[in-house]
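Below are the chains, spelled out letter by letter.
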Amino acid sequence: MRKHGLFRRSLIAAISGIGLALGLNLPARSFTPDDAGRVIALLVELLPEFGPFAYDEEEADRIFDEDAVTDGRIMAAGFTRETWRRALGQAFRGFLATIPANVISERFTRSLESLDGASHLSGEQKAELRALMEEHVAGIELMRAEGAAYADMVRPYAAQFEAAFDTGLEHED
């Protein structure tokens, strides 16, 4: 059952990548290099207060809400909750697209090797964790495919994104 989910996610990522390559995804036109710069400037400014975080829409909303209660810097920069969530998502996906596939693959391979060598886990536990890891990587690949449209806008800020998201992954310069 889980392999089916992984296959489906991989297929969706491949289809998304093909669609992006054919220019079928138009929303990238609304995201600009200026947006990428504003998002990373805000992240760097908010990082000491909110700490590193892992992106998802709930986390984007949490940061927006916490900032709104304190200084309102996100709104002052011209973002609403919805535009912040969208711009942060596009910027993060663009950042992921700057990370070479082989770097992600090597990290995943090392993680699987560590998992296989974990003597304190049963075979069933290892299988469950492997399935979760494969699902996570499929999600990253999907976001990377979606982010290809934004990668060039985000690339100048990739090192700053790395510091904010603390992935430990190298990006393309």
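Notes on the structure follow.

What counts and how
Residues numbered from 1 in each chain as written. Predicted model: local features only at pLDDT ≥ 70, side-chain atom pairs only at ≥ 80, totals over all residues. Heavy atoms only, no water. Helix = DSSP H or I, 4+ residues; strand = E, 2+ residues; numbered from the N terminus. Buried < 20%, exposed > 50% of the residue type's maximum accessible area, 1.4 Å probe, protein only. Contact = heavy atoms within 4.5 Å. Areas by Shrake-Rupley, 256 points an atom, 1.4 Å probe, with all protein chains shown as cover. Lys, Arg positive; Asp, Glu negative; His and termini not counted. Salt bridge = Lys/Arg side-chain N within 4 Å of Asp/Glu carboxyl O. Expected span 1.5 Å × (residues − 1). Bend = angle between axes of the 7 residues up to and from the residue. Polar contact = N/O pair within 3.5 Å; in protein donor to acceptor, adjacent residues only side chain to side chain.

## So, the overall build of the chain
- Scanning the chain from terminus to terminus reveals 9 helices and 0 strands.
- The secondary structure elements of the chain, listed N-terminal to C-terminal, are α-α-α-α-α-α-α-α-α.
- The buried share of the chain, reckoned over its 173 residues, is 40%.
- A fraction of 74% describes how many contacts in the chain between residues 6 or more apart in sequence connect residues 24 or more apart.
- Put simply, the chain shows about 9,700 Å² of open surface, and 57% of that area lies on carbon and sulfur atoms.

## Examining the side chain of Lys126
- Tracing the sequence through the fold places Lys126 in helix α7 (residues 123-147).
- Put simply, Lys126 is tucked away with no salt bridge, and the nearest opposite charge, on Asp116, sits 6.0 Å away.
- If we skip the residues at most four places from it in the chain, Lys126 touches Leu115, Asp116, Ala118 and Leu121.

## Re the pattern of salt bridges
- Summed over all chains, the structure comprises 17 salt bridges.
- Each of Asp61, Asp65, Arg81, Glu82, Arg85 and Arg86 takes part in a single network of salt bridges with overlapping partners.

## Topic: helix α2 (residues 33-50)
- In this model α2 runs 24 Å from its N-terminal to its C-terminal C-alpha over 18 residues, within 8% of the 26 Å that 1.5 Å per residue would give.
- Largest kink in α2: about 30 degrees, centred on Val44, with the proline Pro48 one to four residues after it.
- Those residues of α2 that sit buried are Asp35, Ala36, Gly37, Val39, Ile40, Leu42, Leu43, Leu46 and Phe50.

## A closer look at the environment of Arg62
- Among the secondary structure elements, Arg62 is positioned in helix α3 (residues 57-69).
- Looking at Arg62, the relative accessible area reads 27%, which means it is partly exposed.
- Each C-alpha atom, one on Arg62 and one on Phe50, is 9.8 Å from the other, the two residues being 12 residues apart in sequence.
- Of the polar contacts made by the side chain of Arg62, one reaches the side chain of Glu59; its length is 2.6 Å.

## Some remarks on the side chain of Asp61
- In this fold, Asp61 is placed in helix α3.
- A residue is classified by how much of its surface remains accessible, and Asp61, at 19% relative accessible area, is buried.
- When near neighbours in sequence (up to four residues on either side) are disregarded, Asp61 contacts Arg81 and Arg85.

This is a description of form; function is not addressed.
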